[in-house]
Amino acid sequence: MKNLFYLFLAAVFIAGSYYIFTPSADKSQRAELSSQAEVAANKEAEESHEIDYENLPANEKALLDREDGQDEVRAAEMEYAIEQAPPNSDGFSITTEFKDESEDLMTQALNF
Amino acid sequence: MRSLILCSFISALSVPALAADVTISTDMESSFQGIHESIAKGLYHEMPALFSRSCEEGRANIYSCGEIPVGKLDNESDKNLFNITIPAKSFNQKGFKGTFPATNVKIFMSRKQIGGASIPEKMIGDNSAIKTSSYMGRDIYVKLNSGNNKMVGVACVYVPGAKTKISTIKNSFVAKKKIVFLTSKISIGTTIKVGEGSFDAIKTCMSFQVVPHTDAKTKALSYKYTMIAQTKPQFLNLKRGPIKVEVTAKGANWLGSIVNKFANSIITKQVKAEILKQVSKQVDNIYESDVLDGRWFAKYLNAKNLKLVDSLKEPLKKSLEKAYTPDTSALVASYQKACERVQKTSLAEFKKVVNAGGATAAQMQKLTQKFDHFCGDFASLKISAFLKDSASTAAGCYSGSVRATDMDPLLRPRFKKTVFDCKFTHKVTVKVDSAFKGLGGCMMNQWKRNYSDSCRDEVIGILKYGTQL
C-alpha cells in the first residue's frame, strides 16, 4: 500500500518535471502548433465576434494597459470628441436665460 | 314727366371736365383681433391635441392634453424614449472566457412636465412678466409688424420642461480559465447608469411674411405666406444625463486585474457604441462625447422639437393666408357688381333722356362705352397693404406679442382690450375717368361702410356728362 503511494508521488513528480523542464526545441515545436491553433482560434473568434486583446489596435491596447483612471481616459476621449465635433453641429444652444431674438428675426423678415 | 325732372336735376349740377384720369382712394383696415383669431383657429384645427382638444387627461396609453408628444407611453407617470439593446458579447482574454449577457437599457422620461420659466415676451397692453405653462401648446406667441407693402411676423414656441428618469441596470457573469485540470473563475459585475437629465423649457422662433402676389394670367391679387428664418432651439437650464458604465471584478488576482480592465473597456465601448447606434437612428450628428456628457438627451429632444416647430409652419401658412383682408378678388367682384348695377340704372335713365329728345343715340353709345371702361378700371385697383396705423403704433401693437391660446374664440378670451384697437390700414387706389370721380368715390364708400347707396347725385352728374359727349 505504501509502495503504491510512493509510486503515485513519483508519477506526479515526473509529470510535473516534464511540464516544467521540457526542452526549448520541443517548446518551439509546440509553440508552432500552438500558433497554428491560435490562428484557427482567432479566425473562430472573429467569426463568433469575440474580441481578443492581442489583436486589438495599439491605441486600444494602450488604453487598456493604463494602470488606473478609466474615468480620466473617458474624460480625455470626451474632450477629444468635443474638439473634433464640427462647430455649430449641435443645432441647439444651452442657456440659463432665454434671449429675445424677435428683433433680429423681424429685421430679417423686413429685409427679405 | 319723370325724365323732365331728371333733366332739371342734370342742369342743376356742374358738368365734369372731359377725359383725363384721376386717382381715387379709400382706406381699409385689418384688425389684429381678426388675424390672431384666424391663426388660433388654424392651429387648433391642425393640431387639436396640442391645444387640449380631442385629448384626455391622465391615460396610460394616450398622450395627455398638452403633453410633449415624444416617447412610447409606458404608464401614467413615465414614457419610454427609446431602448438600448446591447447584444450578448463573448470575449477571451489571457485565456479567460466569458459572455457579457444581452442587456436592455430603457430610457424613460417623466410625463410630469415643468412650467414657470421666465420668458422674454412683451405682451400688447400688458407689462407683467410672462412664465411658461407646463402644458405644451399654450406658449405660442405671435408678433405682427408692418413692412413695405407686406406684413412680417415672429412666432415663438416654448416647450415645457421635462426630466429623464434615473435608471440603473445591473448584470453579472463569470469569466473562466482552465489551468491544467483546474478552472479559475472571476466574477464580473457591470452597472449601467443613466443619469438624470432635465431642462426648464425649450424656445424656438421663426419669422414669416405675408406679401401681395398678382397672378400673371388672371391678374388676381392674393397674399402669399413665406417663412423667412428659424432660430436654433435654446434649452433653458439643461442638466445633462450622462450614461455611465461601471465594471467590477471579484476573485481578483493579477489576471483578474487585466480581465477587469479589459472587460471594463470592452463593455464600456460596446454600450457606448450601441447607444450611439440607437440614438443616431433618431438624431443626426451625435458623437460619442454626447453619450458621455449627456448631450444625447438634448439632441434627441431637439430633433423632436424641431419636428414640432416644422409642424406649426403649415397651419400658420393656411391661417395667415386666410386671415388677411381685404380679399382683393372679392373686393374687385364687389365693385364690379356695384358698377354693373349703377351702369344699368344710369343707362336706363339716360335712354329716357334720349327718348325725350335730351340726348342722341350716339351719346348713349359713347356713355355706354365710358361706363364699360369705368367698370373695367376697378379690376386694376391697387392696394398699398399693411400700413402702420398711428394709434396702433402709439399703443405698442407692432412691438408686442399675442398668445395664440388667448385668441381662441371658443375659450374665454384672455387678451387685453388693447388688442381690439390694433390694426393695419390698406390704401386702395384706382385710376378712373375724371368724370366718374364722384361715382367711383361713392362706390368705394359703399364698400368701406358696407351699405348700399344708390349714389343718386353722382349718377345724375354722369347723365349730365353723357349729354355732352
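Relevant structure appears above.
Parameters and conventions
- Residues numbered from 1 in each chain as written.
- Chains lettered and ligands numbered in written order.
- Predicted model: local features only at pLDDT ≥ 70, side-chain atom pairs only at ≥ 80, totals over all residues.
- Heavy atoms only, no water.
- Helix = DSSP H or I, 4+ residues; strand = E, 2+ residues; numbered from the N terminus.
- Buried < 20%, exposed > 50% of the residue type's maximum accessible area, 1.4 Å probe, protein only.
- Contact = heavy atoms within 4.5 Å.
- Phe/Tyr/Trp six-rings, centres within 6.5 Å; stacked < 30°, edge-to-face > 60°.
- Lys NZ or Arg CZ within 6 Å of the ring centre and 35° of its normal.
- Pairing = 2+ DSSP bridges.
- Disulfide = S-S within 2.5 Å.
- Axes fitted to C-alpha atoms, helices over the stretch in contact; angles between N-to-C directions.
- Parallel < 35°, antiparallel > 145°, perpendicular 65-115°, else oblique.
- Nonpolar A, V, L, I, M, F, W, Y, C, P; charged D, E, K, R; others polar.

1. Describing the overall build of chain B
Inference 1: Summing up its helical and strand segments, chain B has eleven helices and 19 strands in all.
Inference 2: Counting only residues that meet the buried cut, chain B has 51% of its 469 residues in that class.
Inference 3: Relative to all contacts within chain B whose residues are 6 or more apart in sequence, the contacts with residues 24 or more apart total 73%.

2. So, the packing of aromatic side chains
All names here are of chain B.
Inference 1: One pass over the full model with this rule turns up 14 aromatic pairs over all chains.
Inference 2: Note on Tyr 141 and Tyr 158: the rings are 5.8 Å apart at their centroids and 85° apart in plane angle, and the pair reads as edge-to-face. You can see Tyr 141 sitting in strand β9 (residues 140-146) and its partner Tyr 158 sitting in strand β10 (residues 151-163), a full 17 residues away along the chain. For the pair Tyr 141 and Tyr 158, a shared accessibility class is recorded, and that class is buried.
Inference 3: Joined through ring pairs, the aromatic side chains of Phe 32, Tyr 223, Phe 386, Tyr 398 and Phe 424 make up one cluster.
Inference 4: The ring of Tyr 135 is capped by Arg 138, whose NZ or CZ atom sits 4.2 Å from the centre of that ring.

3. Examining the sheet that holds strand β6 (residues 103-110) of chain B
All names here are of chain B.
Inference 1: Ordered in space as β2-β3-β6, the three strands form an open sheet in which the pairing is antiparallel. The strands lining the two open edges of the sheet, one partner per strand, are β2 (72-73) and β6.
Inference 2: Note that β2 and strand β3 (residues 78-86) share two bridges and pair antiparallel. Each residue of the ladder has a partner; that of Leu 73, found in β3, is Lys 79.

4. Thoughts on the state of the cysteines
All names here are of chain B.
Inference 1: The final tally for this structure, using the stated rule, is four disulfides over all chains.
Inference 2: Between the sulfur atoms of Cys 397 and its disulfide mate Cys 422 the distance is 1.9 Å. Between Cys 397 and Cys 422, the disulfide has an S-S torsion of -75° and is therefore left-handed. Residue Cys 397 is located in the loop between α8 (390-394) and β18 (401-403), and its partner Cys 422 is located in the loop between α9 (418-421) and β19 (423-433); the two are separated by 25 residues in the primary sequence. Cys 422 shares its class with Cys 397; the two are buried.

5. Notes on the environment of Lys 322 of chain B
All names here are of chain B.
Inference 1: With respect to the helices, strands and loops of the structure, Lys 322 is situated in helix α5 (residues 295-323).
Inference 2: Relative accessible area serves as the criterion here: at 70%, Lys 322 is assigned to the exposed category.
Inference 3: It is 9.8 Å that separates the C-alpha atoms of Lys 322 and Lys 224, two residues lying 98 residues apart in sequence.

6. Some words on the packing of helix α7 (residues 361-377) of chain B against helix α11 (residues 456-466) of chain B
All names here are of chain B.
Inference 1: At a minimum axis separation of 9 Å, α7 and α11 run at an interaxial angle of 130°. Accordingly, the angle class assigned to the pair α7 and α11 is oblique. Residues Gln 363, Leu 367, Lys 370 and Phe 371 of α7 lie in contact with α11, whose contacting residues are Ile 462, Tyr 465 and Gly 466.
Inference 2: For the contact of α7 with α11, a count of residues per class yields four nonpolar, two polar and one charged.

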